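# Notes for the structure review
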Amino acid sequence: MTQEYEPEATRRESGDAESSRASRGWWDRNADEYQNEHGGFLGDDRFVWGPEGLDEAEAALLGPASGLKGLTVLEIGAGAAQCSRWLAAQGARPVALDLSHRQLQHALRIGGDFPLVEADACALPFGDGSFDLVCSAYGAVPFVADPVQLMREVHRVLRPGGRWVFSVTHPIRWAFADEPGPEGLSVAASYFDRTPYVEQDEAGRAVYVEHHRTLGDRVRDVVAAGFRLTDLVEPEWPDWNHQEWGGWSPLRGNLIPGTAIFVCERD
């Protein structure tokens, strides 16, 4: 009986094409497991910014829910489009975009009266000034080799005065082991090492890639793309949330931030 090869975890450079190819393949292979494991927490029509459970209905980072009616909104890295479904319920006109065909099949399974688009976030298939808002909850941004290109694409498709809000793993987490227990509370690597995290197969081909940027890097990326940063939100771990999600847990969440949310505006 042939044993399935376990990908090798390493830190090495990974460019645009390899990162995109790895992300598409990984999410296509793992979409079912991801939705089975986290679908209950995410809900079908809830807008959650990260594992802490910060809800857009409470945070209003895109603006008051009452003001979303009629606005065109692009969700990048939409997965099963839970956030887009919530936006549609507020009267917005969302478009859910994802690189993964299988993730979008889950969006179709759940349903919703809004467009689903399979595309790369670094080459958005929309005209200039097509959207009032663009958002991404842990989608696309950490997985691209050139985040400024992604940000410039978002800037291009946003109308003047539009808002771009995205969440990512808090950069400080890269210095710690990705473990929910006490072993995840000790510094294990340099925060300043920007070398991508790569899982690769026997032939050395990347099957998963994630790119690290420091907090300062993320701010500079936003500014380089022409945005103005208006807020940086670091959600605290709430008392009601007892779940573990990968390296996120109540233990770690009460001591170090796990998510960073950038609120940006296009002048």
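Look up: the structure comes first, before these words.
Anyway, here's the lowdown on the structure attached to this text. (Residues numbered from 1 in each chain as written. Predicted model: local features only at pLDDT ≥ 70, side-chain atom pairs only at ≥ 80, totals over all residues. Heavy atoms only, no water.)

In terms of helices and strands, the chain carries seven helices and ten strands. For 267 residues, the compact-globule estimate of 2.2 N^0.38 gives 18 Å, and the chain sits close to it at 18 Å. In terms of overall dimensions, the chain has a C-alpha envelope of 55 × 40 × 35 Å along the principal axes. Taking all 267 residues of the chain together, the buried fraction comes to 53%. Summarising the internal contacts of the chain: among those between residues at least 6 apart in sequence, 70% fall at separations of at least 24. In the form shown here, the chain has an accessible surface area of approximately 12,200 Å², with 50% of it arising from carbon and sulfur atoms. Mean positive and mean negative side-chain charge positions of the chain (24 and 42 charges, respectively) differ by 6 Å. (Helix = DSSP H or I, 4+ residues; strand = E, 2+ residues; numbered from the N terminus. Rg over C-alpha atoms; globule rule 2.2 N^0.38 Å. Buried < 20%, exposed > 50% of the residue type's maximum accessible area, 1.4 Å probe, protein only. Contact = heavy atoms within 4.5 Å. Areas by Shrake-Rupley, 256 points an atom, 1.4 Å probe, with all protein chains shown as cover. Lys, Arg positive; Asp, Glu negative; His and termini not counted. Charge placed at Lys NZ, Arg CZ, Asp CG, Glu CD.)

Strand order in the open sheet formed by seven strands is β4-β3-β2-β5-β6-β10-β9, with mixed pairing between adjacent strands. Two strands close off the open sheet at either side, each with one partner strand: β4 (116–118) and β9 (227–233). Neighbouring strand axes in the sheet, compared pairwise and without regard to direction, differ in orientation by 20 degrees on average. Bridge analysis of strand β6 (residues 158–169) against strand β10 (residues 259–266) gives seven bridges, and the strand direction is antiparallel. Paired with V165 across the bridge in β10 is V263. Of the strands in this sheet, β2 (72–76), β3 (93–98) and β5 (131–137) are in contact with helix α3 (residues 82–89), which crosses β3 at around 175 degrees. Its contacts with the sheet put helix α4 (residues 101–110) on β3 and β4, and the angle it makes with β4 is roughly 170 degrees. (Pairing = 2+ DSSP bridges. Axes fitted to C-alpha atoms, helices over the stretch in contact; angles between N-to-C directions.)

All right, on to the nonpolar core then. Counting 29 residues, the largest nonpolar core has L74 and W164 as the members making the most contacts within it. Those elements giving two or more residues to this core turn out to be β2, β3, β5, α5 (147–157), β6 and β10. In this structure, L74 is in contact with V95, L97, L124, F126, F131, L133, V134, C135 and V157, ignoring residues within four places of it in sequence. Counting residues in each nonpolar core, the second largest holds 18 residues, with L68, A92, L133 and V233 among its members. (Core = buried A, V, L, I, M, F, W, Y, C linked by side-chain atoms within 4.5 Å.)

Moving on, we come to the environment of F41. Checked against the element boundaries, F41 lands in helix α1 (residues 16–42). The class for F41 is buried, based on a relative accessible area of 15%. Residues contacting F41, with those up to four places away along its chain left out, are R46, V48, G50, P51, G53, W240, N241, Q243 and W245.

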